[in-house]
Amino acid sequence: MAAQTGDGVVRRHIAASIAPFIIVALAGLAVRTPLATAYPFAALFLFLWVVADTLMLSLFVRSAGRPAWSAVLCVLASTALTVWLGSPSAMRETLFETPILALTMAGVVLGHVAWATARARRAVGREGIDRKERWVSAASEIFPPALVRLAAAEMTVIHMALFRWGGPADVPANARAFAYHQHLTPMCATLLILSGIEIAVYHLLVGHWSRTATLVMFVLSDVGFVYLVGLTKSFRFRPVLLTPESVRVRAGFLIDRLVPLDAIIAIEDGFTGEEVRDPATLNAALLAWPNIMLRLDRPLHRYSLLKKRGPFMRVAFRLDDPEPFIRLLTWRLGQRSS
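Notes on helix H3 (residues 40-62)
Here's step 1: Taking 1.5 Å as the rise per residue, H3 with 23 residues should run 33 Å; its terminal C-alpha atoms sit 33 Å apart, in good agreement.
Here's step 2: Three or more residues of H3 are buried, namely Ala43, Leu44, Phe47, Leu48, Val51, Thr54, Leu55, Met56, Ser58 and Leu59.

Things to note about the packing of aromatic side chains
Here's step 1: The full count for this structure, using the stated rule, is four aromatic pairs.
Here's step 2: Judged by centre distance (5.6 Å) and plane angle (85°), the ring pair of Phe317 and Phe325 falls under edge-to-face.
Here's step 3: Residue classification places Phe325 among the buried residues on the basis of a relative accessible area of 0%.
Here's step 4: Grouped by ring-pair contacts, the aromatic residues Phe178, Phe317 and Phe325 constitute a single cluster.
Here's step 5: In this arrangement the basic side chain of Arg119 is found over the ring face of Trp115, its NZ or CZ atom lying 5.4 Å from the centre.

Description of the pattern of salt bridges
Here's step 1: In the structure shown here, the tally under the stated rule is seven salt bridges.
Here's step 2: Among the ionic pairs, Glu268 bridges to Arg295, the shortest N-O distance being 2.6 Å. Of this pair, Glu268 sits in strand S5 (residues 264-268) while Arg295 sits in strand S7 (residues 292-300), placing them 27 residues apart in sequence.
Here's step 3: Classification of Glu268 by relative accessible area gives partly exposed; the value is 22%.

A word on the sheet that holds strand S6 (residues 281-283)
Here's step 1: Taken in spatial order, the four strands of this open sheet run S5-S7-S8-S6, and their pairing is mixed. Strands at the two margins of the open sheet, each flanked by one partner only, are S5 and S6. Across the sheet, the mean angle from the axis of one strand to that of its neighbour is 20°, orientation sign disregarded.

Considerations on unusual backbone geometry
Here's step 1: Even without a glycine there, the phi angle at Leu287 is positive, about 55°.
Here's step 2: Here Leu287 shows up in the loop between S6 and S7.
Here's step 3: A residue is classified by how much of its surface remains accessible, and Leu287, at 57% relative accessible area, is exposed.

Considerations on the nonpolar core
Here's step 1: Val247, Ile264, Val315, Phe317, Phe325 and Leu329 are the most contacted members of the largest nonpolar core, which totals 29 residues.
Here's step 2: Among the elements of the structure, strand S2 (240-242), strand S3 (246-251), strand S4 (255-260), S7, strand S8 (312-317) and helix H12 (322-337) are those that each provide at least two residues to this core.
Here's step 3: Take this core: its biggest share by element is five residues, from H12.
Here's step 4: The residues contacting Leu329, other than those within four sequence positions of it, are Leu242, Val247, Leu261, Ile264, Ile267 and Leu294.
Here's step 5: With 22 residues, the next largest nonpolar core counts Val31, Met56, Ala77 and Ala80 among its residues.

So, how was this worked out
- Residues numbered from 1 in each chain as written.
- Predicted model: local features only at pLDDT ≥ 70, side-chain atom pairs only at ≥ 80, totals over all residues.
- Heavy atoms only, no water.
- Helix = DSSP H or I, 4+ residues; strand = E, 2+ residues; numbered from the N terminus.
- Expected span 1.5 Å × (residues − 1).
- Buried < 20%, exposed > 50% of the residue type's maximum accessible area, 1.4 Å probe, protein only.
- Phe/Tyr/Trp six-rings, centres within 6.5 Å; stacked < 30°, edge-to-face > 60°.
- Lys NZ or Arg CZ within 6 Å of the ring centre and 35° of its normal.
- Salt bridge = Lys/Arg side-chain N within 4 Å of Asp/Glu carboxyl O.
- Pairing = 2+ DSSP bridges.
- Axes fitted to C-alpha atoms, helices over the stretch in contact; angles between N-to-C directions.
- Core = buried A, V, L, I, M, F, W, Y, C linked by side-chain atoms within 4.5 Å.
- Contact = heavy atoms within 4.5 Å.

Printed below as a string of structure tokens:
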């Protein structure tokens, strides 16, 4: 029952994050109809009301309790910017012809920027977290947090693909790293070669048919190639970590899950295919059969935007050299028990 309740909360959170984009987009199309063009003042107020009501309802659904005043001000500022940017020229002229409304919207935006900037300065000076997290936290005070996290993830992938060609892996000072990328390197190199050949063929064939299609394919194929390079390199730079408190199971950018040591009851290197394929198993082994499975004494939750996913009771993954990991984890579990 608790797991079902948690899944319901996650689904409501996802719906509250996606539905506003659909509703606002439909409202933006509605204000471009002939009827809205004939009555721009009424259309402007209806557009403003729909956007404000949609974003505010989404905020209340996503908030666990009463939302903070800063979040309410952020929603109002987002409403003002959305209406100004999303309105057609006739409605924008009507807005400028209504000084009270235009000044009120501008005041809300400036108030949010001033208040958020003050909070962002405090976030940048916060100690105890790394530099990247501080800047992400600071930017989240000014811009929507989901948009900031997405932008940070995109920049991380692009930076790793284009600028990180050597150096050590991302390992904190209190952690021990265990690699898993050696079995993935040949397959990833093959995919990169095939992708490069595919890009060249697409450019040659499509270029004789349409220049516009060539440009579109160029953007899509080259961006995809950059992402594939970043993903391939992330397997080496993001190993599995063992800390004094947890096992951090990682598979490049695709999987990053903390498993507390006090939740692990058994470490196994022999298991059946039914256990690996079971929905209650988080299988972090990519393109290979796992050689380590951690059994847990309680379910840990996982979330997916594509489909409903239940909690997992086992974690399976593959390491290039599993023996040192098993010995060290067994010792640490024994130390915690004693």
